[in-house]
Amino acid sequence: MSDFTRIGVVGGGTMGAGFAELCIVNGLDVVVAAPTADSVARSQRRLFGSLARQVEKGKLSAQARDLALTRLRFTTDLGDLADRQFVLESVPENEQKKLDVFAALDKVVESPEAILASNTSSIPIARLGRATARADRVIGIHFFNPVQVLPLVELIGSLRTDEKAYLAAEAFVGGTLGKQVIRSPDRPGFVVNALLIPYLLSAVRMLESGVATAADIDTAMTRGCAHPMGPLALVDLIGLDTVAAVADALYIETKEHSYAVPPLLARMVDSGFLGKKSGRGFYSYDKRP
């Protein structure tokens, strides 16, 4: 277990809201910072809806849910994170946006012992640390969607990350939050995405070239390889824009063709077909908050 009790989250999207929910259910005090009142409202709907579903499924009592919500606050002011001991950045996978967040957090978060973490899928932790004057306290903590359900977390330290900070983060994620932690070097794609992204892009290329339909590609992998979800359905779940952004970052750093974004994926993103969150990707969905 760790000593972190005051947690901050920057970004109230799917991953940020999921992390916030995980923390409040585990008894931690959480402040979620989102850029606008509209984004705060969306994050609230997302988190409240998730908790409601947990109650409906019998995985959480109504009393436990109500108690957890007393530990949660939302804000549009990063200054409200000043007293936080651990802050997770979970904004879209855009390097400049993340650098801006870390530069701002460095000025706002008061404790020099606080850990500033990123849920990035691909951006080098060393580069994010350089946006601060405390690179030794900056670490990568890569959760998977849905955060509340999937057990794995990749923990990534840069060459500047202090080992004590790394161990404190490991105790927090593995002990307090109960996740399975694996260590990853600060390399392109870390462990999971270095393997996953080429696989997903290969499925898109297969569809694009007319080898098989989306349904047949996914059925081949779920029924033939015992994957819990087909690659194109997984792209829809992750978000086509997120997959494309991660792939772009990996390609820029490695220049490996396996990370190059297929034209079909790029055109779908340009058209606003982002997967489950937009209601349409490789499949169509009933779009809900």
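Small disclaimer: the values here were computed from a predicted structure and weren't measured.

Focus on unusual backbone geometry
Stage number 1. With an omega dihedral of 0 degrees, the bond running from Asn145 to Pro146 counts as a cis peptide bond.
Stage number 2. Relative to the elements of secondary structure, Pro146 occurs in the loop between strand S6 (138-142) and strand S7 (152-157).
Stage number 3. Its identity is not glycine, yet Phe190 carries a phi of approximately 55 degrees, on the positive side.
Stage number 4. Turning to its location among the elements, Phe190 is positioned in the loop between strand S8 (180-184) and helix H7 (192-208).
Stage number 5. When its relative accessible area of 2% is taken as the criterion, Phe190 is described as buried.
Stage number 6. For Lys255, which is not glycine, the phi dihedral falls at a positive 60 degrees.
Stage number 7. With respect to the secondary-structure elements, Lys255 resides in the loop between helix H10 (240-254) and helix H11 (263-270).

Quick look at H7
Stage number 1. In this model H7 runs 24 Å from its N-terminal to its C-terminal C-alpha over 17 residues, within 8% of the 24 Å that 1.5 Å per residue would give.
Stage number 2. By the burial criterion, the buried members of H7 are Asn193, Ala194, Leu196, Ile197, Pro198, Leu200, Leu201, Ala203 and Val204.
Stage number 3. Tucked into the core, H7 has its buried residues touching S6, helix H8 (214-224), helix H9 (231-238), H10 and H11.
Stage number 4. Following H7 by one or two positions, Gly210 adopts a phi angle in the positive range, close to 80 degrees.

Side note on the packing of H7 against H8
Stage number 1. Running from N to C, H7 and H8 point in directions that differ by 140 degrees, and their axes come no closer than 9 Å. On the basis of their axis angle, the class for H7 and H8 is oblique. Crossing of H7 against H8: the hand is right-handed. Contact residues: Tyr199, Ala203, Met206 and Leu207 in H7; Ala214, Ile217 and Met221 in H8.
Stage number 2. Along the lines of polarity and charge, the residues of the contact of H7 with H8 split into 7 nonpolar, no polar and no charged.

Some thoughts on the sheet that holds S6
Stage number 1. With mixed pairing, 8 strands are arranged side by side in an open sheet as S3-S2-S1-S4-S5-S6-S7-S8. On the outer flanks of this sheet lie strand S3 (72-75) and S8, each paired with one strand and no other. Neighbour-to-neighbour, the strand axes of this sheet turn through a mean angle of 25 degrees, independent of strand direction.
Stage number 2. Of the pairings in the sheet, the one linking strand S4 (residues 86-89) to strand S5 (residues 115-118) comprises 4 bridges and is parallel in character. In the strand pairing of S5, Phe86 is matched with Ile115.

Here is what the cut-offs are and how they apply
Residues numbered from 1 in each chain as written. Predicted model: local features only at pLDDT ≥ 70, side-chain atom pairs only at ≥ 80, totals over all residues. Heavy atoms only, no water. Helix = DSSP H or I, 4+ residues; strand = E, 2+ residues; numbered from the N terminus. Buried < 20%, exposed > 50% of the residue type's maximum accessible area, 1.4 Å probe, protein only. Expected span 1.5 Å × (residues − 1). Contact = heavy atoms within 4.5 Å. Axes fitted to C-alpha atoms, helices over the stretch in contact; angles between N-to-C directions. Parallel < 35°, antiparallel > 145°, perpendicular 65-115°, else oblique. Left-handed = near helix turned anticlockwise from the far one by under 90°. Nonpolar A, V, L, I, M, F, W, Y, C, P; charged D, E, K, R; others polar. Pairing = 2+ DSSP bridges.

Just geometry here; none of it tells us what the structure is for.
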